[in-house]
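Read off the chains here:
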Amino acid sequence: MSRDLSTELIHHPYRPPAGFEAPQPGIHKASTVIFANVAAMRARDWRNKLGYTYGLHGTPTTFALEERIAALEGGRHCVLVPSGLAAIALVNQALLAQGDEVLLPDNVYGPSRELARTELARWGITHRLYDPLDAAGLAAMIGPRTKLVWLEAPGSVTMEFPDLPGLVAAARSRGVTTALDNTWGAGIAFGGFDLGIDIVMQALTKFPSGGGDVLMGSVTTRDEALHERLRLAHMHLGLGVAGNDAELVLRSLPSLALRYHAQDVAGRQLAAWLASRPEVRRVLHPALDGAPGHEHWRGTCRAAAGLFSVMFDERYTAAQVDRFVDALRLFRIGYSWAGPMSLVVPYELASMRPEAARRRDHLRGHLVRLAIGLEAVADLRDDLAQALAQGFGAPG
Ligand SMILES: Cc1ncc(COP(=O)(O)O)c(C=O)c1O
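Residues numbered from 1 in each chain as written. Predicted model: local features only at pLDDT ≥ 70, side-chain atom pairs only at ≥ 80, totals over all residues. Heavy atoms only, no water.

Our focus in this paragraph is the pattern of salt bridges. Evaluated as defined, the whole model comprises 19 salt bridges. Between R3 and E8 there is a salt bridge whose closest N-O contact spans 3.4 Å. For R3, a relative accessible area of 42% puts it in the partly exposed group. E8 gets classed as partly exposed once you look at its relative accessible area, which sits at 25%. Here E114 ties to R117 by a salt bridge, and the two come within 2.9 Å at their closest N and O atoms. Of this pair, E114 and R117 both sit in helix α5 (residues 110-122), 3 residues apart, which is roughly one turn of that helix. Owing to a relative accessible area of 35%, E114 belongs among the partly exposed residues under this scheme. Shared partners join several salt bridges into a network, and the residues in it are D106, D131, E160 and R360. (Salt bridge = Lys/Arg side-chain N within 4 Å of Asp/Glu carboxyl O. Buried < 20%, exposed > 50% of the residue type's maximum accessible area, 1.4 Å probe, protein only. Helix = DSSP H or I, 4+ residues; strand = E, 2+ residues; numbered from the N terminus.)

This part is about the site of the ligand. Contacts to the ligand come from 13 residues, most closely from G84, L85, D181, T205 and K206. Measuring from an oxygen atom of the ligand, one finds a backbone N or O atom of L85 at 2.9 Å. Relative to its unbound accessible surface of 390 Å², the ligand loses 89% to contact with the protein. One can see that the ligand is located within the largest pocket. In terms of residue class, the shell around the ligand is built from 5 nonpolar, 5 polar and 3 charged. (Near = heavy atom within 4 Å. Polar contact = N/O pair within 3.5 Å; in protein donor to acceptor, adjacent residues only side chain to side chain. Areas by Shrake-Rupley, 256 points an atom, 1.4 Å probe, with all protein chains shown as cover. 1 Å grid on protein atoms, 1.4 Å probe; cavity = no way out; pocket = protein on both sides within 12 Å on 5 of 7 lines; lining within 4 Å. Sits in = over half its atoms within 2 Å of the grid points. Nonpolar A, V, L, I, M, F, W, Y, C, P; charged D, E, K, R; others polar.)

Right, let's get into α5. Between its first and last C-alpha, α5 extends 18 Å over 13 residues, near the 18 Å set by a 1.5 Å rise per residue. The largest bend in α5 amounts to roughly 30° and is located at A116. Taken as a whole, α5 has its buried residues at S112, R113, L115, A116 and L120. Taken together, the buried residues of α5 touch α4 (84-95), β2 (101-105), β3 (126-130) and α13 (349-352). (Expected span 1.5 Å × (residues − 1). Bend = angle between axes of the 7 residues up to and from the residue. Contact = heavy atoms within 4.5 Å.)

Moving on, we get to the packing of aromatic side chains. Here the structure, examined in full by the defined rule, presents 10 aromatic pairs. Arranged with centres 5.9 Å apart and planes meeting at 75°, the rings of F207 and W337 form a pair that is edge-to-face. Of this pair, F207 sits in the loop between β6 (199-203) and β7 (217-221) while W337 sits in the loop between β10 (332-333) and β11 (343-347), and the two are 130 residues apart along the sequence. A relative accessible area of 1% places F207 in the buried class. Among the aromatic residues, ring-to-ring pairing joins F312, Y316, F324 and F392 into one connected group. (Phe/Tyr/Trp six-rings, centres within 6.5 Å; stacked < 30°, edge-to-face > 60°.)

This paragraph deals with the nonpolar core. Of all hydrophobic cores here, the largest spans 64 residues; its most connected members are L65, L151, W184 and Y260. If sequence neighbours within four positions are ignored, Y260 has contacts with W184, G185, A186, I188, A189, F207, A303, A304 and A305. In terms of nonpolar packing, the next biggest core, distinct from the first, is built from 28 residues, L270, V283, Y316 and I372 among them. (Core = buried A, V, L, I, M, F, W, Y, C linked by side-chain atoms within 4.5 Å.)

Looking now at the layout of surface pockets. Empty pockets left among the atoms are what a rolling probe the size of a water molecule brings to light. The calculated volume of the largest pocket comes to roughly 550 Å³. Lining the largest pocket are 31 residues, with Y109, S156, K206, W337 and R369 sitting closest to its centre. Of all the secondary-structure elements, those providing two or more residues to the lining of the largest pocket are α4, α5 and β6. Residue contributions to the lining of the largest pocket peak at 3 residues, all from α4. Among the residues forming the lining of the largest pocket, the class breakdown is 17 nonpolar, 8 polar and 6 charged. When its volume is computed, the second largest pocket comes out at roughly 270 Å³. What lines the second largest pocket is a set of 14 residues, and nearest its centre among them are Y347, E348, L349, H366 and L367. Looking at the lining of the second largest pocket residue by residue, the class counts come to 9 nonpolar, 2 polar and 3 charged. (Points joined across faces, edges and corners; volume = space filled by probe spheres on them.)

Quick look at the side chain of R231 now. Structurally, the position occupied by R231 is in helix α8 (residues 224-236). One buried charged residue, R231, remains without a salt bridge, the closest side chain of opposite sign being E66 at 4.9 Å. A polar contact of 2.8 Å, which involves the side chain of R231, links it to the backbone oxygen of W46. Other than its neighbours up to four places away in sequence, R231 contacts W46, R47, N48, H57 and V79. (Lys, Arg positive; Asp, Glu negative; His and termini not counted.)

A few words now on empty space enclosed by the protein. This structure, assessed with the given rule, holds 3 cavities of 30 Å³ or more. Surrounding the largest cavity, G55, L56, H57, G58, T62, E66, L80, R231, H234, G240 and V241 form its lining. Put simply, the parts of the chain that give the lining of the largest cavity at least two residues each are α3 (60-73) and α8. Of the residues belonging to the lining of the largest cavity, the class tally is 3 nonpolar, 6 polar and 2 charged.

Keep in mind these numbers describe shape, not what the thing actually does.
This is the structure:
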């Protein structure tokens, strides 16, 4: 039977030979998945990875990435979502119901706190903030309505490294589920599951992507029942990621450890150099002696991300700090760290976290966060030196 060319181009019979193998897995893209026959369609089961049902529920490409992220985190099951923030939202949605309470560290990633303050509150879920350096304080806060404790190590922007074993023990002893935002550790600095944490999420946007050009998140578990709840919520909410985005992360994963360690080494060198500068009151880098939570970092971590904050002395004005930031040439002003380009963001702690800014001595002064990229350390140091001179004048 001869067919029209338009039909032929859609239904062409050629199938390439099976068995193709290359360093990178193939990219499969689909909204629809084709079933061999009606029986196969009726037998479909989106809950396991034995077959394919619908593009949203997985392709060979997304399954491959899920398995690699589960291995990276030391977990068993992983689901992928369109951003790190979506991963946080998925955990909340899967585990919390009206009348429940969730506890967040007071240095939690800002949008996670906003999510609790707005959407979770609308659904009748309350939240309170705990001091991540005070495990006994967390234990005292846990009540019958507490269903989830979020952990973040170190906390966003102010970089205090928490007492993870103490916090986990406090939650576990009361049967409360723990979820870790492991974006900073990236599965390299420490293993969340080794510490007894139940759920580990990561913004794959950061280190696993490494390019500053993809948004994606992951939620990993070891526990079968928890995974089932997450997978159900994932399906009901219509979450999924595109094959091209999954491909970009798969391509970057083999260099993850190399990039992480290179940025760690460069970050520590620049943090130590900045700590010796007269303009700088404190450097908030968990691997630096005397940093808030440094002893917890030492007890938990094998490495550190190239991300830290600098407290400029209170004697300077906010305008001088802005001038310093604007004078930087290699550090560009931007939020999403762990890519090849070094980044800088000045934060106004007094409006962002007024309580912490008042109470914690290490937060006195003007905070500027630096994310170290993959440029040469000497060039980054020169850039910081010239910007310090422009912002604050010659060192006295
Ligand atoms: C600690 C942390 N968690 C989560 C996220 C959210 O990731 P995404 O930008 O993919 O939503 C970020 C982003 O900056 C982050 O720093």
